[in-house]
Amino acid sequence: MSLNLVPFVSVHNMMKLVLHLGIERVMVDLAAEIEADFLRWPQFDKTPRVASHSDVGVIELMPTSDGETYGFKYVNGHPGNMKKGLQTVTAFGLLADVETGYPLLLSEMTILTALRTAATSAMAAKWLAPNTTTMALIGNGAQAEFQALAFKAICGISEVRLYDLDPTATAKCAANLKGRGLTVTTCTTAEEAILGAGIITTVTADKANATILTDNMVGAGVHINGVGGDCPGKTELAGDILLRSSIFVEYPPQTRIEGEIQQLAPDHPVTELWQVIAGQTPGRTDAAQITLFDSVGFAIEDFSALRYIRAQLAQTGLCDHLDMIADPDDPRDLFGMILRAA
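Residues numbered from 1 in each chain as written. Predicted model: local features only at pLDDT ≥ 70, side-chain atom pairs only at ≥ 80, totals over all residues. Heavy atoms only, no water.

1. Brief notes about the overall build of the protein
Right, on to step 1. Looking only at helices and strands, the protein features eleven helices and 17 strands.
Right, on to step 2. A compact globule built from 342 residues should have a C-alpha radius of gyration of about 20 Å, and the protein, at 21 Å, falls within 12% of that.
Right, on to step 3. Oriented by its inertia axes, the alpha-carbon framework of the protein measures out at about 70 × 45 × 40 Å.
Right, on to step 4. Burial status across the protein gives 51% buried among its 342 residues.
Right, on to step 5. If you take every contact in the protein between residues at least 6 apart in sequence, the share linking residues at least 24 apart comes to 72%.
Right, on to step 6. Summing over all exposed atoms, the protein offers an accessible surface of approximately 15100 Å²; the carbon and sulfur share of this is 56%.
Right, on to step 7. Counting 24 positive and 39 negative side-chain charges, the protein places the averaged centre of each group 4 Å from the other. (Helix = DSSP H or I, 4+ residues; strand = E, 2+ residues; numbered from the N terminus. Rg over C-alpha atoms; globule rule 2.2 N^0.38 Å. Buried < 20%, exposed > 50% of the residue type's maximum accessible area, 1.4 Å probe, protein only. Contact = heavy atoms within 4.5 Å. Areas by Shrake-Rupley, 256 points an atom, 1.4 Å probe, with all protein chains shown as cover. Lys, Arg positive; Asp, Glu negative; His and termini not counted. Charge placed at Lys NZ, Arg CZ, Asp CG, Glu CD.)

Next comes the structure, spelled out in structure tokens:
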């Protein structure tokens with residue numbers, strides 16, 4: 001066995017894999033994998049992500065394990081990068097065998113994070129949102145198209161109403177979604193975008209307490225998918241909206257630090273999404289209820305995504321192999337291995 005060789009999925013191969021399988025199929029598959037792992041939530045090690053904050057952004061590590069496989073993701077969030085022609089979010093991830101500690105997979109996760117974030121959003125809406133065909137998408141940057149297509153594939157959304165402070169972002173998003181089976185309406189205000197929308201997704205990037213939705217914009221019966229607020233001091237919703245909403249989260253110790261609910265008292269009641277999926281607690285209970293998925297992203301979702309990608313490699317072969325782990329014939333003779341390389 002070549003234990004020194006670790007499968008590596010590059011950006012190039014990730015793009016080929018996604019196009020080979022189909023973007024919507026990948027998000028449907030990812031949602032199913034994430035949902036299956038949420039059903040075994042108690043099996044996982046769980047901790048809020050380890051974050052290093054600066055004035056310009058954040059760098060984070062997101063670890064978890066189910067006892068057999070360990071996984072982590074490195075991810076950053078730097079809103080100012082866009083002005084430099086750089087991605088706001090970049091990421092890579094690793095899976096390892098718990099029994100030996102040896103890596104099993106190294107993968108790019110900039111693209112994969114975009115896919116799994118959208119898949120998780122739509123998975124949550126499947127359980128929480130009203131029966132609707134129209135979604136407002138406020139914030140039309142790098143995540144927007146993924147959200148639109150995930151909601152189309154998983155929730156049956158047929159119309160997306162787009163708004164962004166930057167009209168060029170909206171134009172980009174509309175162009176990318178053309179011909180993908182969605183009615184795309186571009187809007188000049190957030191108020192216009194939410195007209196007739198049963199689902200409102202906010203996915204903006206500024207690292208600040210912003211008010212993308214004010215209280216008077218949110219009527220009864222809608223589902224809010226709050227994606228952009230994902231670190232301390234970064235929110236998108238007016239606090240009064242939260243007080244009128246039934247709030248669903250991934251992992252409360254992390255969401256109370258990073259999510260919309262950082263605006264609320266530390267003991268404000270929230271429901272963990274896995275409990276809804278497992279049938280332990282209800283989701284949406286009546287037509288007038290406002291539901292909010294306070295999505296900040298959690299390590300189990302990345303774990304699910306990495307395991308899914310690893311499973312695809314057997315049939316696609318879309319990976320390279322990195323000589324990554326020193327593996328001498330005699331485990332005690334690492335020094336001799338160096339000498340023999342001369």
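Once you've had a look at it, read on.
2. Side note on the pattern of salt bridges
Opposite charge on two side chains permits them to pair, given that their charged atoms come into close proximity.
Right, on to step 1. Overall, the coordinates contain 16 salt bridges when judged by the stated rule.
Right, on to step 2. Where Lys-126 meets Glu-35, a salt bridge forms, and the shortest distance between an N and an O atom there is 2.9 Å. On the criterion of sequence distance, the pair formed by Lys-126 in helix 3 (residues 110-128) and Glu-35 in helix 2 (residues 23-39) is long-range, its members being 91 residues apart.
Right, on to step 3. Residue classification places Glu-35 among the buried residues on the basis of a relative accessible area of 16%.
Right, on to step 4. Residue Arg-116 pairs with Glu-301 through a salt bridge whose shortest N-O separation is 3.3 Å. Taken together, the residues span a long stretch of sequence, with Arg-116 in helix 3 and Glu-301 in helix 10 (residues 299-316) at a distance of 185 residues.
Right, on to step 5. Linked by salt bridges that have partners in common, Asp-37, Arg-40, Asp-66 and Arg-307 make up one network. (Salt bridge = Lys/Arg side-chain N within 4 Å of Asp/Glu carboxyl O.)

3. Brief notes about the environment of Thr-188
Right, on to step 1. Within the secondary structure, Thr-188 sits in the loop between strand 9 (183-186) and helix 6 (190-193).
Right, on to step 2. The exposure class of Thr-188 is exposed, given its relative accessible area of 64%.
Right, on to step 3. For the pair Thr-188 and Thr-170, spaced 18 residues apart in sequence, the C-alpha separation works out to 9.5 Å.

4. Overview of the packing of aromatic side chains
Right, on to step 1. Throughout the structure, instances matching the rule amount to seven aromatic pairs.
Right, on to step 2. Cluster of aromatic residues (ring-pair linked, three or more members): Phe-38, Trp-41, Tyr-251, Trp-274 and Phe-298. (Phe/Tyr/Trp six-rings, centres within 6.5 Å; stacked < 30°, edge-to-face > 60°.)

5. Here's the deal with the sheet that holds strand 10 (residues 199-202)
Right, on to step 1. Pairing in this open sheet of eight strands is parallel, and the strands run 9-8-7-10-12-16-14-15 from one edge to the other. In this open sheet, the two strands that pair with only one neighbour each are strand 9 and strand 15 (271-272).
Right, on to step 2. Two elements, strand 8 (residues 159-163) and strand 9, share four bridges in a ladder whose sense is parallel. Within strand 9, the position partnered with Glu-159 by the bridge is Thr-183.
Right, on to step 3. Along the sheet, helix 4 (residues 144-155) contacts strand 7 (134-138), strand 8, strand 10 and strand 12 (223-226); its crossing angle with strand 7, the most-contacted strand, is approximately 165°. (Pairing = 2+ DSSP bridges. Axes fitted to C-alpha atoms, helices over the stretch in contact; angles between N-to-C directions.)

6. Considerations on the packing of helix 2 against helix 3
Right, on to step 1. Between helix 2 and helix 3, the least distance of the axes is 8 Å, while the angle of their chain directions is 65°. Taken together, the axis directions place helix 2 and helix 3 in an arrangement best described as roughly perpendicular. Considering the relative orientation of helix 2 and helix 3, their crossing is right-handed. Two secondary-structure elements touch here, helix 2 through Ile-23, Val-26, Met-27, Leu-30, Ala-31, Ile-34, Glu-35 and Phe-38 and helix 3 through Leu-112, Leu-115, Arg-116, Ala-118, Ala-119, Thr-120, Met-123, Lys-126 and Trp-127. (Parallel < 35°, antiparallel > 145°, perpendicular 65-115°, else oblique. Left-handed = near helix turned anticlockwise from the far one by under 90°.)

7. Notes on the side chain of Glu-258
Right, on to step 1. Tracing the backbone shows Glu-258 in helix 8 (residues 252-258).
Right, on to step 2. A distance of 2.7 Å separates polar atoms of two side chains, one belonging to Glu-258 and the other to Arg-49.
Right, on to step 3. Apart from the residues within four sequence positions on either side, Glu-258 is in contact with Arg-49, Glu-60, Gly-229, Asp-230, Cys-231, Pro-232, Lys-234 and Val-296. (Polar contact = N/O pair within 3.5 Å; in protein donor to acceptor, adjacent residues only side chain to side chain.)

8. Describing the pairing of strand 1 (residues 5-9)
Right, on to step 1. With four bridges connecting them, strand 1 and strand 17 (residues 320-323) associate as antiparallel partners. By the bridge assignment for strand 17, Phe-8 is matched with Asp-320.
Right, on to step 2. When strand 1 meets strand 6 (residues 103-108), the two strands line up parallel, connected through two bridges. In the strand pairing of strand 6, Val-9 is matched with Ser-107.

9. Some remarks on the environment of Thr-168
Right, on to step 1. Within the secondary structure layout, Thr-168 lies in helix 5 (residues 167-177).
Right, on to step 2. Take Thr-168: its relative accessible area is 53%, and that puts it in the exposed class.

10. Some points on helix 10
Right, on to step 1. In this model, helix 10 (18 residues) spans 26 Å end to end at C-alpha, consistent with the 26 Å of a helix rising 1.5 Å per residue.
Right, on to step 2. Along helix 10, 13 of the 18 residues are buried, which leaves the element largely enclosed by surrounding structure.
Right, on to step 3. Positive phi appears at Gly-317, one or two residues downstream of helix 10, with a value of about 65°. (Expected span 1.5 Å × (residues − 1).)

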